[in-house]
Amino acid sequence: MEDKIKVHFIGAGPGAEDLITVRGMRLLSEADVVIYAGSLVNPKLLEYAPGAEHYNSASMTLEEVIGRIREAVEQGRTVARLHTGDQSLYGAVKEQMRELDRLGIAYDSCPGVSACFGAAAAMNLEYTLPGISQSLIITRMQGRTAVPERESIRSFASHGASMAIYLSTALLTELSSELQAGGYEETTPAAIVYKATWPEERILRCTVGTLAETAEQNGIRKTAVILVGEAIGAVNFEDSRLYAPDFSTEFRKAKKV
């Protein structure tokens, strides 16, 4: 039962303070202690928990985060562990959960809106256009943290699907090369979305071949998601069958055309 759980992992959303879920906002407002990813989480979200103690995990180690959670739970206090976007993507939450499991501390998760969906909304995009792409690949370039060879950018690029690439803004020259080596044309539409949904959001449309140049010209070096694929710039595409008059569904019979 939720009332027995004292630790809540909460997705803060991509940036805008009103893009946290209703559940996430409620859990945050009920927390006694908030541990938040200060390098990325919008500090305005802390206003939903004005009476709580706030701790910025950007300056903490895993052991310090777990220690703070354990101390609060032993005192009967509720903890909100606030992560940027949705914590299931590059959130480093499983290692925290593993430690809490070891300590016998119960927890739950509240999902959030990830940056690629905030970026799509900002650009009025649909990643899965009929006849263009029916898949979205969410990935990252290899940097200080390794990526399995089977999940390389070059390997994924061979599918020609829509791609949202995280944590790679400082590696755009290499990213562009890998995308082209995998099969994307130099002219394939792309976009750099800086701080999606924040007040300082910037949308830079470009191509796979001009990613690095575009970022350099605009001073973008971090906190951006890279979008790639024909769906990013598509104008001519097929209508879906969902609303076609000659298409039957569970809720509508096909009409004679």
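Look up a bit, the structure's there.
(A) The arrangement of the side chain of Ser168 in detail. Along the chain, Ser168 falls in the loop between strand 7 (162–166) and helix 6 (172–182). Separated by 2.9 Å, the side chain of Ser168 and the backbone nitrogen of Met141 make a polar contact.

(B) Local environment of the side chain of Ser133. Looking at the element boundaries, Ser133 is found in the loop between helix 4 (115–123) and strand 6 (136–140). The contacts of Ser133, once residues within four sequence positions are left out, are Tyr127, Thr128, Ala161 and Ser162.

(C) Structural context of helix 4. Among the residues of helix 4, those classed as buried are Cys116, Gly118, Ala119, Ala120 and Met123. Where helix 4 is buried, its residues touch strand 6, strand 7, strand 8 (189–194), strand 9 (202–207) and strand 10 (224–228). Asn124, located one to two residues past helix 4, shows a positive phi value of around 55°.

(D) Focus on the sheet that holds strand 7. If you trace the 5 strands from one edge of the open sheet to the other, you get 6-7-10-8-9, paired in mixed fashion. Strands with a single pairing partner mark the edges of an open sheet, and in this sheet they are strand 6 and strand 9. With strand direction ignored, the average angle separating the axes of adjacent strands in the sheet is 20°. With 6 bridges joining them, strand 8 and strand 9 adopt antiparallel strand pairing. Following the sheet pairing, Pro189 is matched in strand 9 by Thr207. Relative to strand 10, helix 4 is tilted by about 65°, and along the sheet it contacts strand 6, strand 7, strand 8, strand 9 and strand 10.

Calculation rules
- Residues numbered from 1 in each chain as written.
- Predicted model: local features only at pLDDT ≥ 70, side-chain atom pairs only at ≥ 80, totals over all residues.
- Heavy atoms only, no water.
- Helix = DSSP H or I, 4+ residues; strand = E, 2+ residues; numbered from the N terminus.
- Polar contact = N/O pair within 3.5 Å; in protein donor to acceptor, adjacent residues only side chain to side chain.
- Contact = heavy atoms within 4.5 Å.
- Buried < 20%, exposed > 50% of the residue type's maximum accessible area, 1.4 Å probe, protein only.
- Pairing = 2+ DSSP bridges.
- Axes fitted to C-alpha atoms, helices over the stretch in contact; angles between N-to-C directions.

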